[in-house]
Structure formats: C-alpha cells, structure tokens
Amino acid sequence: MAATFPPPVMEARRWIDGVEFPTDRPLINVSQAAPVDPPPAPLREAMAQFVLEDDATHLYGPVLGLPELRTEVAAQWTAAYGGQVSASQVAITSGCNQAFASMIATLCAAGDEVIIPTPWYFNHKMWLDMGGITSVPLKAGAGLLPSVDDTATLITSKTRAITLVSPNNPGGVEYPSDLLSAFYELCDAHGIALIVDETYRDFDSRSGAPHDLFTHPNWEDTLIQLYSFSKAYRLTGHRVGAMVASVARLAEAEKFLDTVTICPNQLGQRAALWGMQNLGEWLGEQRAEILARRAAIEEHFPKLAAKGWTLEGNGAYFAYMTHPFDEPSDQLAQRMVRDISVLCLPGTMFVPEGDPSGAKSLRIAFANIDADGIAELFERMETL
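What you are looking at is a predicted structure, and each value in this text was computed from that prediction instead of being measured.

**Q** What is the right way to read the sheet that holds strand β4 (residues 134-139) from this model?
**A** What holds strands together in a sheet is hydrogen bonding between their backbones, with the strands either parallel or antiparallel. Strand order in the open sheet formed by seven strands is β2-β8-β7-β6-β5-β3-β4, with mixed pairing between adjacent strands. On the outer flanks of this sheet lie β2 (90-93) and β4, each paired with one strand and no other. Adjacent strand axes in the sheet meet at a mean angle of 25°, parallel and antiparallel pairs treated alike. Examined bridge by bridge, strand β3 (residues 113-118) and β4 share six bridges and lie parallel to one another. When the sheet's bridge partners are listed, proline 117 is paired in β4 with leucine 138. Seen against the sheet, helix α4 (residues 96-107) touches β2, β3, β5 (159-165), β6 (193-197), β7 (223-228) and β8 (241-244) and runs at an angle of roughly 160° to β7.

Right under this line is the structure:
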C-alpha cells in the first residue's frame, strides 16, 4: 500500500471538509466522473421485482457472471463492432476497476511493466503500484493522443501490456480507429496484450463502431476490452463491469475473481441486463445530453481562452485544460474551493511526480452539471 498514493477523489473531498459555501454560491462539484442521479424509474421498478420475486438475486452465482448477461453483451458487441464475440469470451466483474485488476493478474508479476499514456487514469496506476508492476509513462502528444512510434521505443523484455482508455479519462479525447489499430498491430507484433478500457463508449460522439479491433483475425490473442455499466445505466453503487478476452485468459481471471468477490453483484447484473434489453432509447437520450454538455464546454471556453487557458481535450465526461497561473494545479484546485466554490481535480493526480504538465492542468468532470451549470462554472472560473 505504501507504494502508491491516496485515492485522488477521496483526497479532493477532504478539501471541502469544514468549508461553508455561501448560499448564493453553492459548491459545484466537478471532481468525480459519475452520474449523481439514481437509475431511471423503470429500471428501479424492475430491480424491486428482482429483489422480491427472483430468489437467485440473493444467492451466489457463477464467478464469471450471469450467463444471460454475458450472452447479451456478446450479441450487442458483435452487432456494434463487427467481427464475432461469443458469450464464452465475456466475463462480468464487480465494476470496471476489478476487470482491470483481474486482467493484470493474468498478465503480470512483480517487476513486469505496463505502458500507460499520460495523463493516465489514476486507479490503473495505483493498482500497478500495489502489485510491484512498473507503470511506464507514455506522454501523450498533440490532442492528447499517444504516439505508436514513441510507444515502440518503450517496449522491453519486461513489457506485458499497453493500456489505453477511449474515450479517455482524464482527457476526454476519442482515439481514432486507425490509431487503435496501429496499437493493436504493435502489440500483436511484440506478443503483448492491448488493454482498451471503453468505460465511456456509450457517450462517444461518433456514429458507428469506434474501432474495428474485433474484426482482426484471432483478436482474442492480443485484445482485452474493459467496460462499465455504471455510467450507462447509473448503476455506480451496484458495481457491474465487464471484460472481453480469450476463453483461456478468462479462465485464469476466474481464479482471481473467485478469491476476491466470488461472484459479481447479482442485483446489479440483472439490472444491467434489463437495461441493455429495455433502455436503448433512454440511453440514446442520455448520450445526447452528455454531448450537449460537451458542446456547452466548447461554447463557453473562449471566455477562459481570452485569459490564457487552453482546452486540451473535451469529450465523454471530461474537459482537460491548462491554466495560465504561476501556482501549481494542486494549489490552484484548493484555491478554487475557497474562492469560487468549485471542486475539481488537478493535473498532478494524472501524471508522474515531477512532470511539469501536471502542475499546469485541471480536469473538469461535467457529468453531474447541465448546460446551465457549465455556464455558471465558467463565469466563476473567469474571476480567478
């Protein structure tokens, strides 16, 4: 545990402990990437019926997840991405973080290496730290996109995987399909795994498949895809994620999962299945709302650009920006709590210690504020 840092979101929450916010300037919390509303009423009603009428909801289930949910994911993924995904190549986990942890357990031992672009998703870094696995930082380039050529120079005999997040957390950028394919080819050539975390796939602004990785012959030899139901169906508290990989790798992951949670949350799995089968139109509306918030960021950012700010990335749940001040971002973020009643995360939480880009950056998670809230946020940030 001493090898890694405290959970960043929890650390940021402590910045507001004991702070009294003016009634005319309540706290705007854009620190955590999660919806704050409960699941939609029809889904909650279905969940209530599961609790009352389905006895299996309260019992242990298969370690790799509810068979019906695995089958539904496989069918929808096959339709969405092309190629072929079978239910035996899908496993359900207690959230997407657990999916990542279990996959790393099948790939790495202490002393191995995993390449992750910076700014990185801090929970990935924390898990690697705790396992004695070296996180090899790959500094993202223009548009916060990682370079395949730069990555190739970082691969060693200890490299076991490259981990990408698209749409990206914390940067918000959507990785182009050809970029993901190039990373796939690089990993395939070196016999290492490509882990693609698509937690925010439901809020991608593009139409059609975001990549064609599942159409590659024998994709399961190289590709590991991670997913979360938390954002799509507001099931954050029920902890339901998924991973798509080879049957052999899932068999190894089963050993890890059986010793940690035994099985995923039974109610959450049933809720995810019901959502996939019944909430397609509703999810489309939620995507449209998130895209409207993304557009609001673009609309209002010129107010900050005029003061020296730069919008580095914007999409999914996130806007990632650089600030014009001399103070480092961790100090700026705490001043924003005091001066303008805004809680966000500093870039120092997303890069290696000493990386100067972290001191100049902030992440704004806009999933829990609407367009009016975004307008208010930018008005306050103008006053800094």
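We are not done yet, so read on.
**Q** Sorry if this is basic, but what is going on with the sheet that holds strand β10 (residues 318-322) here?
**A** On the basis of which strands lie adjacent, the open sheet formed by four strands has the order β9-β10-β13-β12 and antiparallel pairing. Lying at the two open borders of the sheet, with one neighbouring strand each, are β9 (310-315) and β12 (345-346). With two bridges connecting them, β12 and strand β13 (residues 361-365) associate as antiparallel partners. Among the inter-strand pairings, proline 346 is bridged to a residue of β13, identified as leucine 362. Lying on the sheet, helix α11 (residues 280-305) is in contact with β9 and β10; it crosses β9 at an angle near 175°.

**Q** When you look at the pairing of β7 in this model, what are you seeing that I'm missing?
**A** Regular strands place side chains that alternate from one sheet face to the opposite one. Taking burial as the measure, the six residues of β7 include six buried ones, the bulk of the element. Of the two faces of β7, the one carrying Leu223, Gln225 and Tyr227 and the one carrying Ile224, Leu226 and Ser228 are both buried. Sheet topology places β6 next to β7; four bridges connect them, and they run parallel. Counterpart to isoleucine 195 in the pairing with β7 is isoleucine 224. The pairing of β7 with β8 spans four bridges and is antiparallel. Each bridged residue has a counterpart across the sheet, and for glutamine 225 the counterpart in β8 is valine 244.

Conventions and cut-offs
Residues numbered from 1 in each chain as written. Predicted model: local features only at pLDDT ≥ 70, side-chain atom pairs only at ≥ 80, totals over all residues. Heavy atoms only, no water. Pairing = 2+ DSSP bridges. Helix = DSSP H or I, 4+ residues; strand = E, 2+ residues; numbered from the N terminus. Axes fitted to C-alpha atoms, helices over the stretch in contact; angles between N-to-C directions. Contact = heavy atoms within 4.5 Å. Buried < 20%, exposed > 50% of the residue type's maximum accessible area, 1.4 Å probe, protein only.

Function-wise, these values are silent; they only describe arrangement.
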